[in-house]
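# Secondary and tertiary structure notes
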Amino acid sequence: MLDFCAAYGCSNERSIQTRSRGITFHRFPKDNSLKRQWELAVKREGFVAAERSLLCSEHFKPDDFDRTGQIVRLRHGVKPSVFNFPSHLQKVFVPFGKRIH
Ligand SMILES: [Zn+2]
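This text gives an overview of the structure that appears in the document. Because the structure is a prediction, the values reported are computed rather than measured. (Residues numbered from 1 in each chain as written. Predicted model: local features only at pLDDT ≥ 70, side-chain atom pairs only at ≥ 80, totals over all residues. Heavy atoms only, no water.)

### Focus: the overall build of the protein chain
Basically, it comes down to this: Helix and strand definitions here come from DSSP, where helices need a minimum of 4 consecutive H or I residues and strands a minimum of 2 consecutive E residues; each element is numbered from the N-terminal end. Think of it in three bands: with a 1.4 Å probe and only protein chains considered, a residue is buried below 20% of the maximum accessible area for its type, exposed above 50%, and partly exposed in between. Shrake-Rupley sampling with a 1.4 Å probe provides the accessible areas, and residues are treated as covered by the protein chains on show and by no other component.
A tally of regular secondary structure across the protein chain gives 3 helices and 4 strands. Along its sequence from the N terminus, the protein chain presents helices and strands in the succession α-β-α-β-β-β-α. Out of the 101 residues belonging to the protein chain, those deemed buried represent 34%. Summed over its atoms, the accessible surface of the protein chain is roughly 7,800 Å², and 52% of this surface lies on carbon and sulfur atoms.

In structure tokens form, the structure reads like this:
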């Protein structure tokens, strides 16, 4: 069974190639409310994370990681925030007042 990233539009899977690019894979949180926030962040309609669901490190900001140990971990409570969504989904992220007329 392949480990691959659950994010919409992302095709990263756990392999030698992604490893050499420094991409790490992270399980959805066990905490239910945080897990729900991850599921919503993924923006896949009706998406519910399975126990083995993963997101790759490309969806997190550099500050979200704890690189002090041998294994790269996510800091507690961080949410995925970096996605390359199709333009019709990206509109959601335009903050009020920043629209160019
Ligand atoms: Zn990914």
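### What about the packing of aromatic side chains?
Counted only if it meets this: Classification of ring pairs rests on two measures: the distance between centres of Phe, Tyr or Trp rings, Trp counted by its six-membered ring, which must be within 6.5 Å, and the angle between planes, read as stacked under 30 degrees, edge-to-face over 60 and tilted in between. Two conditions define a charge sitting above a ring: the NZ of Lys or the CZ of Arg must be within 6 Å of the ring centre, and it must be within 35 degrees of the ring normal.
Scanning all chains against the criterion turns up 4 aromatic pairs. Ring plane angle 50° and centroid distance 5.7 Å describe the contact between F28 and F47, whose orientation is recorded as tilted. You can see F28 sitting in the loop between strand 1 (25-27) and helix 2 (32-42) and its partner F47 sitting in the loop between helix 2 and strand 2 (54-56), a full 19 residues away along the chain. Both residues of the pair, F28 and F47, count as buried. Where W38 meets F60, the ring centres are 5.2 Å apart and the plane angle is 55°; that geometry is what we call tilted. With W38 in helix 2 and F60 in the loop between strand 2 and strand 3 (65-66), the pair connects residues that are 22 residues apart, well separated along the chain. Classification of W38 by relative accessible area gives buried; the value is 3%. For F60, a relative accessible area of 5% corresponds to the buried category. Here the aromatic cluster, defined as three or more aromatic residues joined through ring pairs, consists of F28, W38, F47, F60 and F65. The residue whose ring lies beneath R67 is F65, and the NZ or CZ to ring-centre distance is 5.0 Å.

### Digging into the coordination of the zinc ion
Perfect tetrahedral coordination of a metal by four donors corresponds to 109.5 degrees between them, and perfect octahedral coordination by six donors corresponds to 90 or 180 degrees. Here is the rule: Atoms are scored as donors when they are N, O or S and lie within 2.8 Å of the metal, with 3.2 Å used for Na, K and Ca; no water is included, so coordination may look incomplete. The rule is simple: four donors are tetrahedral if all their angles sit between 85 and 135 degrees, four are square planar and six octahedral if opposite donors span more than 155 degrees and the others lie between 65 and 115, and anything that fits none of that is irregular.
Looking at the zinc ion, one finds its protein donor set to be C5 (SG), C10 (SG), C56 (SG) and H59 (NE2), positioned 2.0 to 2.3 Å from the metal centre. Taken together, the 4 donor atoms coordinating the zinc ion span angles of 99 to 116° at the metal, a pattern that classifies the geometry as tetrahedral. The sequence pattern formed by the donor residues of the zinc ion is C-x4-C-x45-C-x2-H. In this pair, C5 sits in the segment before helix 1 (16-20) while C56 sits in strand 2, placing the two residues 51 residues apart along the sequence. The class of C56 is buried, set by a relative accessible area of 0%.

### Examining the environment of K61
To keep it simple, the criterion reads: N or O atoms within 3.5 Å of each other form a polar contact, as long as, within protein, one can give a hydrogen and the other can take it, and as long as residues adjacent in sequence are counted only when both atoms are side-chain atoms.
Along the chain, K61 falls in the loop between strand 2 and strand 3. What makes K61 partly exposed here is its relative accessible area of 42%. The spatial distance from the C-alpha of K61 to the C-alpha of V78 is 9.3 Å, given a sequence separation of 17 residues. A polar side-chain atom of K61 sits 3.4 Å from a polar atom in the side chain of S81.

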